[in-house]
Amino acid sequence: MTASATPCFATEGLTKRFPRVTALDDLTVTAGTGVTGLVGANGAGKSTLIKILLGLLPPTSGRASVLGYDTATQGLEIRRAVGYMPEHDCLPPDMSATEFVVHMAQMSGLPRTAARERAADTLRHVGLDEERYRPMGGYSTGMRQRVKLAQALVHDPKLVFLDEPTNGLDPQGRDDMLALIRRVGTEFGISVLVTSHLLGELERVCDHVIVIDGGRLLRSSAIREFTRAEQTIAVEVEEGQQRLAERLTAGGETVAAQGRLLTVQVSADDPGRTYDAVRDAVCDLGLGLLRLEQRRGRIEDVFKEPVA
Amino acid sequence: MTTEPTAVIHDIGYRHYDGVRLGRGRATLALGVQSLRGVFGLGRTVRAKIMPLLLAAIMLMPTVVSIGVMALAKQFVIPYPNYAVIMQAVIAVFLAAQSPYLVAPDLRFRVLPLYLSRPLTVTDYVLAKLAALAVALFGLLAVPLTIEYVGELLVDLPGPPHTADYFGALGGAVLHAVLLSSVGIALASFTPRRGLGVASVIAFYMFTAAVSGIFTGVLISSGRDDLAGWALLLNPFFLVDYAQSTLFGTAPVNIEAAPPGVASCLILLAVVALAVTGVLLRYRKAAS
């Protein structure tokens, strides 16, 4: 059984009905190794899917497998091989991060000495230093999220489920967490299923994105297919937007105005040319440049596209 | 875009773990041991240690007095089988103070889903918690009994030592541990608030003790000694006292009331089964 041959997880006609709502509706989806994003609005069925994949919740109908194990019968094997970071708070405030992560490692079957080493390693990887000896009650949201991630990684799983890991973080904390998730997927070699209701942040870290809405699959494809749409750059200048647009158009660029922004289509054959042209034009006209950023086709667009 | 500060700070590289992975049993054992240590405040804050250690110290006091009297007056004061009934209030306070600690924080701070996302089942979790409390309660009783027994042997009183009584009392301590831990966990697991858990356990003890005391008093004074024994069974400590007397042949504390015999053992078994089933059902529900 090689990692590449077995999908990280696969579902087939997966349906989960609760007495009052249908959380998942005939969901058939497969995810390979790497970082997979699971996107959907609140209540789209993301957490329910994770619970089913962990073998903790029986589906109403359909089947699911994780790392080749059947969720209905091999829950223990699955939970031995995966890590789980829940969306909600789950840290006892009077314990230190070290104690807690060591304990959780033992709960995954690591002997005490190995649990200690792994906990120290993992906490360092998630970026928790001296504060790991302090009771967790006094931690900031960013630190708490790091501890939650550490406890999911401490037993070196093959796959981790991260439920809304950026919830409640400030922009800096969000970036740090996303960078960490990317490292887990690439450098650590642990496959990741990460959920979010924010589409924009997932496109930065994922190889593959699954979009669900109302428990139904909206789209599942590699990230480059989401973003392969034309590359554009957005330019904002203090004044003289009009002059800049004229100058760039004259130079052969495709320019469109969007409010205070100018979007310039990046040349497919020679991307450098467009960037140079924008730089030179702004410079020659002596304009005050406020913003210059790369724009790609956004995952958001899936929701705008009519669904077949 | 993701190679900035983090890579610089933590550039030690990730190492995979390829050591042993123990089974469910060992994880359950680790949870039980950690819970047992926590019951006595070990590995917790100083404040968490005060109550259990103070109560454990109080449990030893009669032993010290008893050994003193044995040494000085050559008299045997506290019969081993009666120790638990004499100290019941202290044991009840210990139970009330410590059983919520075992279950309430995991519910309140939602640590339970983390346990269940690991190769540990609801039953494993509940068994580990019950076992931890049962071992703690057994220790709370067995240690003073053993010290008193060693004291008795060393003082060398006239007549044979009360060995049968000592072992009967140890058997009774096992019964106490099993009954009280299952009732304590059952009551405490219904609320995520530790304070409410403490209150409900102590209220349960006070209520059963009071009702049992009133009924027994009334029945004895009206000459219904045959029924008084049954009324006593309402108090968990007298329930165990009678079961202990039936199983290990020790003398019951109350001699006026007619002992209910085997029925006490059956009732004890039924209460334990009911409490454990209640806890399991409660956690099955919490897990989903």
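Note that this is a predicted model, so its numbers are computed, not measured.

1. Focus on the overall build of chain A
A count of helical and extended segments in chain A gives 11 helices and 14 strands. Counting only C-alpha atoms and orienting by the principal axes, one finds that chain A spans roughly 70 × 50 × 40 Å. Taken over 308 residues, chain A has a buried fraction of 44%. In chain A, the proportion of contacts linking residues at least 24 apart, taken out of those at least 6 apart, comes to 70%.

2. Remarks on the overall build of chain B
Looking only at helices and strands, chain B has 12 helices and zero strands in total. In chain B, the succession of helices and strands from N to C terminus is α-α-α-α-α-α-α-α-α-α-α-α. With the principal axes as the frame, chain B shows a C-alpha extent of 85 × 45 × 30 Å. Split into buried and exposed, the 288 residues of chain B put 42% on the buried side. Here the analysis covers contacts within chain B between residues at least 6 apart in sequence; of these, 77% occur between residues at least 24 apart.

3. A short note on the UniProt feature "transmembrane region" (unreviewed entry) in chain B
Residue and element names in this part refer to chain B. Using the residue numbers shown here, the UniProt feature "transmembrane region" (unreviewed entry) corresponds to residues 53-73, 85-104, 125-147, 167-190, 202-220 and 261-281. Taken end to end, residues 53-73 comprises 100% helix and 0% strand; its first and last C-alpha atoms sit 30 Å apart. End C-alpha atoms of residues 125-147 are separated by 33 Å, and the span's content is 100% helix alongside 0% strand.

4. Some words on the sheet that holds strand 5 (residues 69-70) of chain A
Residues and elements named next belong to chain A. The strand order 2-1-4-5 describes an open sheet built from four strands, whose pairing is antiparallel. Each edge of the open sheet carries a strand with a single partner, namely strand 2 (22-31) and strand 5. As judged from the two bridges shared by strand 4 (residues 61-66) and strand 5, these two strands associate in the antiparallel manner. In the strand pairing of strand 5, V66 is matched with Y69. Docked against the sheet, helix 1 (residues 46-53) engages strand 1 (9-17), strand 2 and strand 4, running at close to 115° with respect to strand 1.

5. Quick word on the nonpolar core
In terms of nonpolar packing, the biggest core is built from 151 residues, with V101, V160 and I181 of chain A touching the most fellow members. No other element matches helix 7 (residues 122-155) of chain B, which puts 15 residues into this core. Not counting chain neighbours up to four residues away, the residues in contact with V160 of chain A comprise V82, G83, M85, A152, L153, V184, I190 and V192 of chain A. Of all hydrophobic cores here, the second largest spans 10 residues; its members include V235, L248, V278 and A281 of chain A.

6. Concerning the packing of helix 2 (residues 24-39) of chain B against helix 5 (residues 88-108) of chain B
Residue and element names in this part refer to chain B. Where helix 2 contacts helix 5, the axes come no closer than 10 Å and their chain directions differ by 145°. In the packing of helix 2 onto helix 5, the handedness of the crossing is right-handed. Side by side, helix 2 and helix 5 meet where S35, G38 and V39 of the first sit next to Q98, Y101 and L102 of the second. A class-by-class count of the residues in the contact of helix 2 with helix 5 yields three nonpolar, three polar and no charged.

7. A few points about the interface of chain B and chain A
Facing the 35 residues of chain B at the interface are 39 residues of chain A. If you tally residues by element for the side of chain B that touches chain A, the top one is helix 2 of chain B, at five residues. Across the side of chain B that touches chain A, the residue classes break down as 19 nonpolar, 10 polar and six charged.

8. Remarks on the domain arrangement of chain A
Note: interface size is frequently given as the accessible area lost on complex formation between the parts. Domains assigned within chain A are domain 1 (9-227) and domain 2 (232-301). For domain 1 of chain A and domain 2 of chain A, the distance between their C-alpha centres works out to 39 Å.

9. Section: the packing of helix 3 (residues 97-107) of chain A against helix 2 of chain B
Here helix 3 of chain A crosses helix 2 of chain B at 145°, and the two axes come no closer than 8 Å. Residues H103, Q106 and M107 of chain A of helix 3 of chain A touch helix 2 of chain B, and the partners they reach there are A27, A30, L31 and Q34 of chain B. Its residues placed into classes, the contact of helix 3 of chain A with helix 2 of chain B shows four nonpolar, three polar and no charged.

10. Some remarks on unusual backbone geometry
Apart from glycine, the bulk of residues carry a negative phi angle, and the bulk of peptide bonds sit in the trans form. With a phi angle near 50°, E164 of chain A is a residue other than glycine that sits in the positive phi range. By secondary structure assignment, the location of E164 of chain A is in the loop between strand 7 (159-162) and helix 6 (171-186).

11. Digging into the environment of G23 of chain B
You can see G23 of chain B is positioned in the loop between helix 1 (5-9) and helix 2. Between the alpha carbons of G23 of chain B and Q75 of chain B there is a distance of 53 Å; along the sequence they are 52 residues apart.

12. Things to note about the sheet that holds strand 10 (residues 216-222) of chain A
Residue and element names in this part refer to chain A. Taken in spatial order, the six strands make up an open sheet running 6-7-8-3-9-10, and their pairing is mixed. Taken across any chain shown, the strands that pair with only one partner, and hence form the sheet edges, are strand 6 (82-85) and strand 10. Each strand of the sheet is rotated relative to its neighbour by a mean of 15°, with strand direction disregarded. Across four bridges, the pairing between strand 7 and strand 8 (residues 191-196) is parallel. Residue pairing in the sheet places V160 in a bridge with V192 of strand 8. Against the sheet, helix 5 (residues 141-153) touches strand 6 and strand 7, its axis set at about 165° to strand 6. Where helix 6 meets the sheet, its contacts fall on strand 3 (35-39), strand 7 and strand 8, and the angle it forms with strand 8 comes to roughly 150°.

13. Points about the pairing of strand 10 of chain A
Residue and element names in this part refer to chain A. Alignment of strand 9 (residues 208-213) against strand 10, held across six bridges, turns out to be antiparallel. When the bridges of strand 10 are listed, D213 appears paired with R216. As consecutive antiparallel partners, strand 9 and strand 10 are separated by two residues, and within that stretch G214 has a phi angle of approximately 55°, a positive value.

The rules behind these values
Residues numbered from 1 in each chain as written. Chains lettered and ligands numbered in written order. Predicted model: local features only at pLDDT ≥ 70, side-chain atom pairs only at ≥ 80, totals over all residues. Helix = DSSP H or I, 4+ residues; strand = E, 2+ residues; numbered from the N terminus. Buried ≥ 20, exposed ≤ 12 C-beta atoms within 10 Å, placed from the backbone. Contact = placed C-beta atoms within 7 Å. UniProt positions renumbered as here; feature names shortened; annotations may be inferred. Pairing = 2+ DSSP bridges. Axes fitted to C-alpha atoms, helices over the stretch in contact; angles between N-to-C directions. Core = buried A, V, L, I, M, F, W, Y, C linked by C-beta atoms within 7 Å. Left-handed = near helix turned anticlockwise from the far one by under 90°. Nonpolar A, V, L, I, M, F, W, Y, C, P; charged D, E, K, R; others polar. Domains from an automatic or database assignment.

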